[in-house]
Amino acid sequence: MQFLLANATIVLPDRVVDSGWVLVENGKIGSIGQGSYPQTPTVPQFDLSGSYLLPGLIDLHCDVIEKLVQPRPGVEIEVGIALHAADRLLLGCGVTCQFHALSLDDAEFGVRSERFVYDFLHRLSSERHCGARHLVHARVEISSDRGLVDLKTIAGHPFLRLVSIMDHSPGQGQYTTEAAFRAYVAQTTGRSADEIDEILARKRAAQADIPYRIDQVVRIARDHGLPIASHDDDTPERIARWAEYGVHIAEFPTTMSAARAAHTSGMSVGMGAPNVLRGKSSGGNLSALSAIEAGVVDWLCADYYPASLLPVIFRLADRGTLSLPAAVALVSYNPARAVGLDHIIGSIQPGRSADLICVRLMPDPVVQQVFVAGIPVYTWAEQHNLLPFAHHHRSDKPLPPPGPNL
C-alpha cells in the first residue's frame, strides 16, 4: 500500500515542516518533503489542510485498563470488552503504542493481581481486532508474596516489554506516612481498617527479603532483555542504589533532588502528563512542570489519564517551555528510546513504521486520523478527505525483542 499525506504541518525530530508531505510505502515512512509532490496517478494523495502530522504517541505507563476492567470495587468486566474499549480510547487520544501498567501485587488493590495479568496477556496473544499496539509493563511489588514468582512465570511472554520495581510500603516514596497509605487503599478499594492492617503486616514482614527480591527481579529482567524501571524514588541515595543495579529508567521521582540525581546518572526520567496539566502532583509530590523546566525529564506518560498526553505537547510549546519538536519527543521518541524501540517507532523518519496521527487545534488538539504501520485505524467522523477507517485490523507483524537498556 502506497499513499501520500500532503499539505501537513509535520513535526520532525529537529524541526517543523510547513506545507509538508509524507510518502507512506508498505507500512513505513518512505520519504518526506515540502511543497508540491509530483502528481502520480498510482499514488493516492490526501490533503491534510494544514493539520499537524505527528508520530504516534507512545505511553510507557498507564493503568486505565484497570478502571475499565474494575470500574467500581467488587465490579469486574470481561478483559476483552475492556481491551477494546481501551483501544478506542487510546486511538482517540493519539496513542499508537500502549504499555499497559499491570501490577503483580497480591490483589491488594482489587484487579492488581497475577490472575488479571495472566488473563490480559492471554487475551493479547489471540487479539486481532485492535488498532493500537498493546504491550505490557509489569509492575512488580517487591513487598508482595507472589510478585517475584509471577514475574518468573511471565518473563518470556512476547507482549511483556518493560518491568518496574515497586515498593509502596508506607514511610517512603509515594506514601510518606501510614495514614496516606491507609486513605488511598480505603478510597480505591473500599477495604476495611482490619483488612488494611493485614496488608501492612504483610509488608512489614517482607522488608527483610526486599534486597534479595530486587536482585532476583533485576536478574530475571536482564535474562529476558527487558528494560527495568525504578518507581517513586525520593532520595539521591536511592537513585545511586538503582544505578548500581544497572537500572536505566526512573519513573515518577517524588522530589527534585531525586529527579536531578537520576538525570545526572544517565537514567531516563519519566513523569506523568496529568501532573503537567494540573500544575501539581495528585499526591503532593514533585511538580512535573518544574522538573521539565529544570531539564531533568526525558518522557511523559498518561499515568491514569490518556487524554492528557496530546494537550501537554501544545501547552509546553505555547508557553515557550520547550520547542514543539522537543515537546513531541517527550511522548514519542524519548519513551521509545528508553525501551529500545526508537529504531522502529517514535519519530517521523524514513524507514520507521508509519505510526502517525493527524491533529487539528480546535482550539484544543483533536485527533483526526491515526495510522499504525501505515494502516488507517481511526478516523474522526467529520473528516471526509482522509483514508477510510480499516475496521477490525491489527498488524500481525510483531515488534522485535526489546533493545538494550539505555
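**A closer look at the overall build of the protein chain**
Summing up its helical and strand segments, the protein chain has 14 helices and 16 strands in all. Counting the 406 residues in the protein chain, one finds 56% classified as buried. Taking as baseline every contact in the protein chain between residues at least 6 positions apart, the subset at least 24 positions apart corresponds to 66%. Looking at the protein chain as shown, the accessible area adds up to about 16,300 Å², and 52% of this sits on carbon and sulfur atoms.

**Comments concerning the packing of helix α3 (residues 114-126) against helix α4 (residues 147-154)**
The packing of two helices is summarised by the inter-axis angle and the distance between the axes. Between α3 and α4, the least distance of the axes is 11 Å, while the angle of their chain directions is 15°. Judged by the angle between their axes, α3 and α4 are roughly parallel. Along this stretch, α3 crosses α4, giving a crossing that reads as right-handed. Together, E114, V117, Y118 and L121 of α3 and D150, T153 and I154 of α4 make up the contact between the two elements. Here the residues of the contact of α3 with α4 are counted per class, giving four nonpolar, one polar and two charged.

**A few points about the side chain of S332**
Its location among the elements puts S332 in the loop between α13 (324-329) and α14 (333-338). In this structure the side chain of S332 is engaged in a polar contact, spanning 2.7 Å, whose partner is the backbone oxygen of V328. Apart from the residues lying within four places of it in its own chain, the contact partners of S332 are P55, G56, I58 and G346.

**Concerning helix α7 (residues 210-223)**
Taking 1.5 Å as the rise per residue, α7 with 14 residues should run 20 Å; its terminal C-alpha atoms sit 20 Å apart, in good agreement. Where α7 ends, the next residue or the one after it, G225, has phi of about 65°, a positive value.

**Regarding the nonpolar core**
The biggest cluster of nonpolar side chains holds 62 residues, and the ones touching the most others in it are L60, I65, F99, F116, F120, L151 and I165. Considering each element in turn, this core owes the most residues, six residues, to α7. The contact partners of F99, leaving out residues within four places of it in the chain, are I58, D59, L60, H61, C62, L135, V136, H137, R161, L162, V339 and L341. With 41 residues, the next largest nonpolar core counts L54, A273, A288 and Y378 among its residues.

**Here's the deal with the packing of aromatic side chains**
Enumeration over the complete set of coordinates arrives at six aromatic pairs. Taking 4.6 Å as the distance between ring centres and 70° as the angle between the ring planes, the aromatic pair formed by W21 and Y37 counts as edge-to-face. Taken together, the positions of W21 in strand β2 (residues 16-25) and Y37 in the loop between β3 (28-34) and β4 (45-47) put the pair 16 residues apart, joining distant regions of the chain. Its relative accessible area of 11% is what places W21 among the buried residues.

**Let's talk about the sheet that holds strand β12 (residues 268-272)**
The eight strands lie next to each other as β6-β7-β8-β9-β10-β11-β12-β13, forming an open sheet whose pairing is parallel. At either margin of the open sheet sits one strand with a lone partner, and together these are β6 (57-62) and β13 (299-301). Each neighbouring strand pair of the sheet contributes to a mean axis angle of 25°, computed without reference to strand direction. Looking at chain direction, strand β7 (residues 95-104) and strand β8 (residues 133-141) are connected through eight bridges and run parallel. What sits directly across from Q98, in β8, is H134. The strands touched by α3 within the sheet are β7, β8 and β9 (160-166), with β7 carrying the most contacts at an inclination of about 150°.

**Side note on a nonpolar patch on the surface**
Residues V75, I77 and I81 make up a contiguous nonpolar surface patch of roughly 220 Å² in combined accessible area. Note that V75 resides in the loop between α1 (64-69) and α2 (79-92). The exposure class of V75 is partly exposed, given its relative accessible area of 35%.

**Observations concerning the environment of N285**
You can see N285 is positioned in the loop between α10 (273-278) and α11 (288-293). Sequence separation between N285 and F252 is 33 residues; the distance between their C-alpha atoms is 9.1 Å.

**Observations regarding the pattern of salt bridges**
A complete count under the given rule lists 11 salt bridges for this structure. Across the pair E76 and R115 runs a salt bridge whose closest N-O atoms are separated by 3.1 Å. In this pair, E76 sits in the loop between α1 and α2 while R115 sits in helix α3, placing the two residues 39 residues apart along the sequence. Residue classification places E76 among the partly exposed positions, given a relative accessible area of 40%. Looking at R115, the relative accessible area reads 41%, which means it is partly exposed. Shared partners join several salt bridges into a network, and the residues in it are E76, R115 and D119.

Reading the values: rules and limits
Residues numbered from 1 in each chain as written. Predicted model: local features only at pLDDT ≥ 70, side-chain atom pairs only at ≥ 80, totals over all residues. Heavy atoms only, no water. Helix = DSSP H or I, 4+ residues; strand = E, 2+ residues; numbered from the N terminus. Buried < 20%, exposed > 50% of the residue type's maximum accessible area, 1.4 Å probe, protein only. Contact = heavy atoms within 4.5 Å. Areas by Shrake-Rupley, 256 points an atom, 1.4 Å probe, with all protein chains shown as cover. Axes fitted to C-alpha atoms, helices over the stretch in contact; angles between N-to-C directions. Parallel < 35°, antiparallel > 145°, perpendicular 65-115°, else oblique. Left-handed = near helix turned anticlockwise from the far one by under 90°. Nonpolar A, V, L, I, M, F, W, Y, C, P; charged D, E, K, R; others polar. Polar contact = N/O pair within 3.5 Å; in protein donor to acceptor, adjacent residues only side chain to side chain. Expected span 1.5 Å × (residues − 1). Core = buried A, V, L, I, M, F, W, Y, C linked by side-chain atoms within 4.5 Å. Phe/Tyr/Trp six-rings, centres within 6.5 Å; stacked < 30°, edge-to-face > 60°. Pairing = 2+ DSSP bridges. Patch = residues over 30% accessible without salt bridge, like charges linked within 9 Å, V, L, I, M, F, W, Y side chains within 5 Å. Salt bridge = Lys/Arg side-chain N within 4 Å of Asp/Glu carboxyl O.

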